[in-house]
Amino acid sequence: MKTILFNLTDGELEQFITQLGQPRFRSKQVREWLNRGAPDFSVMKNLPEDLRNKLSEIAETLPLKIVKRLQSSDNQTTKFLLELNDCEQIECVLMRTTYGNSVCVSSQAGCAMGCKFCASTLLGLKRNLTVNEMFAQVLVAQWELRRDKMRDIKPNGDANNGDVSHIVVMGTGEPLQNTENVIGFLERANTELNISWRRITVSTCGIVPGINELNKWGRPINMAISLHAPDDDLRSQIMPINNKYKLQEVLDAAFAFSDAHNRQLMIEYILLGQKDKNDSVVLYNASEEHANKLSKLLQGHNVMVNLIPWNTVDERDFASISGNAVHRFQDILIKNGVHTRIRRERGADIGSACGQLRLKNAKDKK
Ligand code: SF4
């Protein structure tokens, strides 16, 4: 088994390098490359060639490697399928926006939550990710941005300095089932990569004790709640977690978090349709009545509702609804005084909905 250098402490790395008959300063050079996200040793051009070759034989740089890299046609979104040391696979997405570069990080390999619209949960939960495995996803994205610079691809807008500036823990997995490691990862991202708390978002399907733990942790990050239904009956049908933590209980914990940290709460709401017997699409959670109910839950709170038109997942029994229906839903929320926006589809041509790439790859392997 090759040694993963990123997982070594500075002292351990120095010992590893000096045991190869190299001077100590080489370990500092290697560390600098690792911190930039170097995918292999061949890029470490300030090391002697024989050392690079030796390291390639006995070591890996990061605790994960890129299996697939998909670039959207507008070049703004790159999706990575990554393989961990034990061959589990995860996804990570880099989004280049006018306000900065954002990385969507996975917190678990697979997911146990069983949401009925989601591809990430179809293979169940494999395991929690470590702090290093989450951190390394950001480094993969950072290295990709470095490739942009080398290919003379300019950052997307003046406010974008070409580095990773935002982190959203919204990839595969439920972050608050892995809270300790997520907190460890975010502390490191803040201190080592200088990502400000206000540019970090953790998304949860509604694990109330985890929300309370983040509240106690006390960092002014953003919280996103995957709500997706305006009442307990409907929510329990599509999100089994609602049988454990009821909708109002989740919202109360989330409002307490956003009030305590003076942050606007994000509400994620996937707009779902379903085919009826005549093959026409009926609104599953996106009718006028649903919009009014949702408004009532959120009125008077500092929230932003992100409406997400459903991204087709073949294995899931939902249908996309029309653009008109999406806008009608949004209009009702706005009329009721609830801040709302429609999430721009990013990278739809590369299957950027959570879990799609990993699922496809697992099927292709069979
Ligand atoms: S939506 Fe999130 S919490 Fe629900 S199954 Fe998918 S990854 Fe898990």
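### Thoughts on the overall build of the protein chain
- Looking only at helices and strands, the protein chain has 11 helices and 16 strands in total.
- Taking 2.2 N^0.38 as the reference for a compact globule, 366 residues should give roughly 21 Å; the C-alpha atoms of the protein chain span a radius of gyration of 22 Å, in line with that estimate.
- If you line up the protein chain on its principal axes, its C-alpha atoms span 70 × 45 × 40 Å.
- Looking at the protein chain residue by residue over its 366 residues, the buried ones come to 40%.
- Considering only intrachain contacts with a sequence separation of at least 6, the fraction spanning at least 24 residues in the protein chain is 66%.

### Some words on the site of the ligand
- Around the ligand, the surrounding shell holds 12 residues, and the nearest of these are Cys-111, Met-113, Cys-115, Cys-118 and Thr-121.
- Of the residues contributing to the shell around the ligand, the split by class is six nonpolar, five polar and one charged.

### Looking at the environment of Trp-217
- Structurally, the position occupied by Trp-217 is in helix H6 (residues 208-217).
- Through-space distance from the C-alpha of Trp-217 to that of Phe-255 is 16 Å; in sequence the pair is 38 residues apart.

### Quick word on the nonpolar core
- In terms of nonpolar packing, the biggest core is built from 90 residues, with Cys-92, Val-103, Val-138, Ile-267 and Leu-271 touching the most fellow members.
- Viewed by domain, this core spans two of them, domain 1 (3-60) and domain 2 (65-365), each represented by three or more residues.
- Dropping the residues within four chain positions of it, Val-103 is found in contact with Cys-92, Leu-94, Gln-137, Val-138, Ala-141, Val-164 and Ile-167.

### Some details on the packing of helix H1 (residues 10-18) against helix H2 (residues 25-36)
- The contact between H1 and H2 brings their axes to 8 Å, and the two run at 120°. Classified by the angle their axes make, H1 and H2 are oblique. At the point where H1 passes H2, the crossing takes the right-handed sense. Here Asp-10, Leu-13, Glu-14 and Ile-17 of H1 lie close against H2, whose contacting residues are Arg-26, Ser-27, Val-30 and Arg-31.
- Counted by class, the contact of H1 with H2 contains three nonpolar, one polar and four charged residues.

### Points about unusual backbone geometry
- Unlike most non-glycine residues, Asn-262 shows phi in positive territory, near 55°.
- Along the chain, the position of Asn-262 falls in the loop between helix H8 (247-261) and strand S12 (265-271).
- On the neighbour-count criterion, Asn-262 (8 C-beta atoms within 10 Å) is exposed.
- Positive phi, normally seen in glycine, also occurs at Asp-279, with a value near 70°.
- In this fold, Asp-279 is placed in the loop between strand S13 (273-275) and strand S14 (281-283).
- Residue Asp-279 is classed as exposed on the basis of its C-beta count, with 7 C-beta atoms lying within 10 Å.

What counts and what doesn't
- Residues numbered from 1 in each chain as written.
- Predicted model: local features only at pLDDT ≥ 70, side-chain atom pairs only at ≥ 80, totals over all residues.
- Helix = DSSP H or I, 4+ residues; strand = E, 2+ residues; numbered from the N terminus.
- Rg over C-alpha atoms; globule rule 2.2 N^0.38 Å.
- Buried ≥ 20, exposed ≤ 12 C-beta atoms within 10 Å, placed from the backbone.
- Contact = placed C-beta atoms within 7 Å.
- Near = placed C-beta within 6 Å.
- Nonpolar A, V, L, I, M, F, W, Y, C, P; charged D, E, K, R; others polar.
- Core = buried A, V, L, I, M, F, W, Y, C linked by C-beta atoms within 7 Å.
- Domains from an automatic or database assignment.
- Axes fitted to C-alpha atoms, helices over the stretch in contact; angles between N-to-C directions.
- Parallel < 35°, antiparallel > 145°, perpendicular 65-115°, else oblique.
- Left-handed = near helix turned anticlockwise from the far one by under 90°.

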